[in-house]
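Here's the letter readout for the chains.
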Amino acid sequence: MQRSYSYDFFKTSADYVLARSGYTVDLALILGSSLGSLAEEIVNPIVIDYADIPNFLQTTVDSHAGKLILGDLSGKKVACMSGRFHYYEGYDFEQLVIPVRFCHLLGAKTVILTNAAGAVNTSFKIGDIMLIEDHIKLIGGSPLRGKNINEFGPRFFDVSDMYSRELRDTAKKCAARINMKLREGVYFYMPGPQFESPAEIRAIRTLGGDAVGMSTVTEAITAAHCGMKVLGLSLMTNMAAGVLDQALTVEEVDATAALTSEKFKELIREIVQEIA
Ligand code: HPA
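Heads up: these notes are all about the structure in this document. No experiment lies behind these values; they were computed from the predicted model shown.

Moving on: the overall build of the protein chain. Counting its regular elements, the protein chain contains 6 helices and 9 strands. For 276 residues, the compact-globule estimate of 2.2 N^0.38 gives 19 Å, and the protein chain sits close to it at 18 Å. Dimensions of the protein chain, computed from C-alpha atoms along their principal axes, come out at roughly 50 × 45 × 35 Å. Relative to its 276 residues, the protein chain shows a buried fraction of 57%. Considering only residue pairs separated by 6 or more positions, the protein chain has 82% of its internal contacts joining residues 24 or more positions apart. Of note, the protein chain has its 27 positive side-chain charges centred 4 Å away from the centre of its 33 negative side-chain charges.

What follows is the structure, given as structure tokens:
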């Protein structure tokens, strides 16, 4: 089915939240699997269930909370989505524009996207954090398919700096300050929900992917369309299928995310502080 939303459809969601908060935000955070606990560090939080936001989506994943938290983090006004939406939950790509356009209408000029991913690059280790330099999405259509909404951006637009070089440089500076080694590479989108086959992972490696995951790219494309700067960070929760002689489990993904979350949160706090 072709879904087509009007500008007012998105504005209704944002206006509801702006009326509750009374302020616009500087930046948005969309947090991936088990990385949502950063939201607990937001000061003066206003917590809004996704279910209360008109025209919003509902999360169906256990490790994603389904709450919007507005407040202060490292001296900035932020909107934090603890729980994101995925194609594998049954949403169409066209529906996945909703959260990002919503953040844009809340005032966010920048969005930080985090995710759990499998390491395709065999020099990566479990627990490494990778700065997304670019992505590859060969499966499915664009989230922007359909009637273009000019208020958000032009139909045809450049994405050669989608994962802002300036923000990546900032992230590298912040990582160095806290003695953290950051990887940098290409995030390869796969639709899931099954993990990839070992043959798919070999193909992804040949095509130039360093990490593989089931989120983030629709959000990055939507954000780029409406002129937002994007920073993407992937946590290597597991080696991708076939790299090690063992089966992949969601328990492994969640356990690594839990073990690494303090380090990840420290980095994001530094970055938020640094972002203009
Ligand atoms: N593949 C896809 N998505 C993932 C993976 C993976 O190996 N690990 C965490 N999210």
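Here the narrative resumes, following the displayed structure.
What follows is about the site of the ligand. Taken together, A116, A117, G118, F195, E196, V212, G213, M214, T237, N238, L248 and V253 make up the full set of residues adjacent to the ligand. Interatomic distance of 3.4 Å between a backbone N/O atom of G118 and a nitrogen atom of the ligand. Between the ligand and the protein, one listed contact pairs a nitrogen atom with a side-chain N or O atom of E196 at 2.8 Å. If the ligand stood free it would expose 260 Å²; the protein chains cover 95% of that surface. Among the secondary structure elements, those contributing two or more residues to the shell around the ligand are β5 (110-119), β8 (211-213) and β9 (229-239). Top contributing element to the shell around the ligand by residue count: β5, with 3 residues. Residues of the shell around the ligand, tallied by class, amount to 7 nonpolar, 4 polar and 1 charged.

Before going further, it helps to examine the environment of K173. Along the chain, K173 falls in helix α3 (residues 165-177). For the pair K173 and G208, spaced 35 residues apart in the sequence, the C-alpha separation amounts to 26 Å. A polar contact is formed between the side chain of K173 and the side chain of E274, at a distance of 3.4 Å.

In this structure, P193 follows G192 across a cis peptide bond, with omega equal to 0°. As for its position among the elements, P193 is in the loop between β7 (182-189) and α4 (198-207). For N179, which is not a glycine, the phi torsion comes out positive at approximately 55°.

The element strand β6 (residues 129-136) is largely enclosed, with a buried count of 6 among its 8 residues. Bridging between β6 and β7 involves 7 bridges; their strand directions are parallel. By the bridge assignment, D134 is partnered in β7 with V186. Pairing of β6 with β9, which is carried by 3 bridges, proceeds in the antiparallel orientation. Within β9, the residue paired with I129 across the bridge is L235.

So, about the nonpolar core. Grouped together as the largest cluster of nonpolar side chains are 53 residues, with contacts concentrated most on L68 and F102. Here L68 is in contact with V17, I46, V47, I48, Y50, I53, A79, C80, M81 and F102, once residues within four sequence places are set aside. Counting residues in hydrophobic clusters, the runner-up holds 31 residues, among them L167, A175, M180 and A257.

A word on the packing of helix α1 (residues 7-21) against helix α2 (residues 98-105). With their axes 9 Å apart at the nearest point, α1 and α2 run at an angle of 60° to one another. It follows that α1 is oblique to α2 by the angle criterion. In the packing of α1 onto α2, the handedness of the crossing is right-handed. Where α1 abuts α2, its residues Y7, F9, F10, K11, S13, A14, V17 and L18 lie against I98, R101, F102 and L105. Residues that form the contact of α1 with α2 fall into these classes: 9 nonpolar, 1 polar and 2 charged.

Rules of the game
- Residues numbered from 1 in each chain as written.
- Predicted model: local features only at pLDDT ≥ 70, side-chain atom pairs only at ≥ 80, totals over all residues.
- Heavy atoms only, no water.
- Helix = DSSP H or I, 4+ residues; strand = E, 2+ residues; numbered from the N terminus.
- Rg over C-alpha atoms; globule rule 2.2 N^0.38 Å.
- Buried < 20%, exposed > 50% of the residue type's maximum accessible area, 1.4 Å probe, protein only.
- Contact = heavy atoms within 4.5 Å.
- Lys, Arg positive; Asp, Glu negative; His and termini not counted.
- Charge placed at Lys NZ, Arg CZ, Asp CG, Glu CD.
- Near = heavy atom within 4 Å.
- Polar contact = N/O pair within 3.5 Å; in protein donor to acceptor, adjacent residues only side chain to side chain.
- Areas by Shrake-Rupley, 256 points an atom, 1.4 Å probe, with all protein chains shown as cover.
- Nonpolar A, V, L, I, M, F, W, Y, C, P; charged D, E, K, R; others polar.
- Pairing = 2+ DSSP bridges.
- Core = buried A, V, L, I, M, F, W, Y, C linked by side-chain atoms within 4.5 Å.
- Axes fitted to C-alpha atoms, helices over the stretch in contact; angles between N-to-C directions.
- Parallel < 35°, antiparallel > 145°, perpendicular 65-115°, else oblique.
- Left-handed = near helix turned anticlockwise from the far one by under 90°.

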